[in-house]
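Fold and geometry: a report
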Amino acid sequence: MDVQTIRERAYATPLCSPAYPMGPYRFLQREYLVISYRTDPDLLRAVVPEPLAVAEPVVHYEFIRMPDSTGFGDYTESGQVIPVTYQGRPGNYTHAMFLDDHPPLAGGREIWGFPKKLASPRLSVEKDTLVGTLDYGPVRVATGTMGYKHHCIAPDPVRDALAGTPNYLLKILPHVDGTARVCELVCFFLKDVAVRGAWTGPAALSLFPHALAPVASLPVLEVLGARHYVADLTLGLGEVVFDYLQQ
């Protein structure tokens, strides 16, 4: 294979059978359970990278079912998102993410810098309760529950928040000598968002200590509320807003 062919074909590893296809990546019937909770502000400041700033001592814990996603298939994610500001504008910083499917794990880390690790999240309806769980190996790491569709909420504010809020990631790729080749703050948006339904209800969240899935290091001090919604959307590609190796 000549050099020019490699240049034309190379976008993901392995070259002859990439782990994921080229985007755009469209998600249909993407189902969220988001439980918001108050936590220790000092612990938040210790994990949010500058130049982002902590907006409030709040964490959004997410369980997301993705039954139909372009190129990535059918999978589930779970993790923590922190409200932040960048240059005075509100946004969200994805702190931790766990999922059960290799293509979105590889693509998410390589393209955007999502902090993805392999685990076993689940989101399902059990009788009258929406239940989200996260297991790392055989160990339970998180359990979230919400009364199933107790109260409808207006879909437009949910859509506006999904589509209008910038999302930030810390993208890190190592060099062959083990040093950082890429260390960037990346921003991306969700596009073409259509909310099919949105609800709220009573909720609870439990996080359990784990050495390699330390979601409990941002402890739950008070559950503030929960939302359950279903949406179609496109995961937009990102842009670099801060290069740590050039500053």
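Now for a quick tour of the structure. (Residues numbered from 1 in each chain as written. Predicted model: local features only at pLDDT ≥ 70, side-chain atom pairs only at ≥ 80, totals over all residues. Heavy atoms only, no water.)

**Comments concerning the overall build of the protein chain**
Spelled out, the test is: By the criteria applied, helices consist of DSSP H or I runs no shorter than four residues and strands consist of E runs no shorter than two, each listed in order from the N terminus. Should any heavy atoms of two residues lie within 4.5 Å, those residues are counted as being in contact. Methods summary: accessible areas were calculated by the Shrake-Rupley approach with a probe of 1.4 Å, and residue burial reflects only the protein chains presented. Lys and Arg are tallied as positive, Asp and Glu as negative. Neither His nor the chain termini are counted. By convention, charge coordinates are those of NZ in Lys, CZ in Arg, CG in Asp, or CD in Glu.
A tally of regular secondary structure across the protein chain gives four helices and 16 strands. Considered along the principal axes of its C-alpha atoms, the protein chain spans approximately 60 × 40 × 40 Å. A sequence separation of at least 24 residues applies to 66% of the contacts in the protein chain between residues at least 6 apart. Split by element, the accessible area of the protein chain, about 12000 Å² in all, is 54% carbon and sulfur. Side-chain charges of the protein chain comprise 21 positive and 26 negative groups, with the mean position of each set lying 2 Å from the other.

**Quick notes on the side chain of Thr39**
The line we're drawing: Three exposure classes are used, based on accessible area relative to the maximum for each residue type with a 1.4 Å probe and protein chains only: buried under 20%, partly exposed in between, and exposed over 50%.
Its place among the elements puts Thr39 in the loop between β1 (25–38) and α2 (41–47). Of the residues examined, Thr39 reaches a relative accessible area of 1% and is grouped as buried. Non-local contacts of Thr39, meaning those with residues more than four positions away in its chain, are made with Leu44, Pro57, Val59, Leu218, Pro219 and Leu221.

**Focus on the sheet that holds strand β7 (residues 120–126)**
The condition that has to hold: By the convention used here, strands pair only if DSSP detects at least 2 bridges between them. Think of each axis as a best-fit line through the C-alpha atoms, taken over the contacting stretch in the case of a helix, with angles from 0 to 180 degrees between the N-to-C directions.
Read from one edge to the other, the open sheet built from four strands follows the order β7-β8-β9-β14, with strand pairing classed as antiparallel. Of all the strands in the sheet, the pair left with one neighbour each is β7 and β14 (203–207). Within the sheet, the average angular offset between the axes of one strand and its neighbour, ignoring direction, is 10°. Relative to β14, strand β9 (residues 139–147) is paired through five bridges, and the arrangement is antiparallel. Following the sheet pairing, Ala142 is matched in β14 by Leu207.

**Quick notes on the environment of Val48**
Within the secondary structure, Val48 sits in the loop between α2 and β2 (53–54). Given a relative accessible area of 9%, Val48 falls into the buried group. Considering only alpha carbons, one finds Val48 and Tyr93, 45 residues apart in sequence, at a separation of 7.7 Å.

**Thoughts on the packing of aromatic side chains**
Going by this rule: Two rings belonging to Phe, Tyr or Trp (six-membered ring only in the last case) form a pair when the distance between their centres is within 6.5 Å. Interplanar angles under 30 degrees mark stacking, angles over 60 mark edge-to-face geometry, and anything in between is tilted.
A complete count under the given rule lists 10 aromatic pairs for this structure. Consider the rings of Tyr25 and Trp112, whose centres lie 5.7 Å apart with planes at 65°: the pair is edge-to-face. Taken together, the residues Tyr25 in strand β1 and Trp112 in helix α3 (residues 102–112) connect sequence positions 87 residues apart. Between Tyr86 and Tyr168 the ring centres are 5.5 Å apart and the planes differ by 55°, which places this aromatic pair in the tilted class. Placement of the pair is Tyr86 in strand β4 (residues 73–86) and Tyr168 in strand β11 (residues 167–174), with a sequence separation of 82 residues. An identical accessibility class is assigned to Tyr86 and Tyr168; each is buried. Taken together, Tyr25, Phe72, Trp112, Phe114 and Phe188 form an aromatic cluster joined through their ring pairs.

**So, the layout of surface pockets**
Empty pockets left among the atoms are what a rolling probe the size of a water molecule brings to light. Which entries qualify depends on this criterion: Both site types are read off a 1 Å grid over the protein atoms alone. A 1.4 Å probe that fits but cannot get out defines a cavity, while an open set with protein on both sides within 12 Å along at least five of seven lines defines a pocket; lining residues have an atom within 4 Å of a point. Grid points are joined across faces, edges and corners, and a volume is the space filled by probe spheres set on the points. Residue classes follow a fixed rule: Ala, Val, Leu, Ile, Met, Phe, Trp, Tyr, Cys and Pro count as nonpolar, while Asp, Glu, Lys and Arg count as charged, and any other residue, Gly among them, counts as polar.
Roughly 620 Å³ of internal volume is contained in the largest pocket. Put simply, the parts of the chain that give the lining of the largest pocket at least two residues each are β1, β3 (58–69), β4, β5 (89–99), α4 (155–164) and β15 (222–235). Of the residues in the lining of the largest pocket, the class split is 20 nonpolar, eight polar and five charged. The volume enclosed by the second largest pocket comes to roughly 430 Å³.

The values are spatial; any link to function lies outside them.
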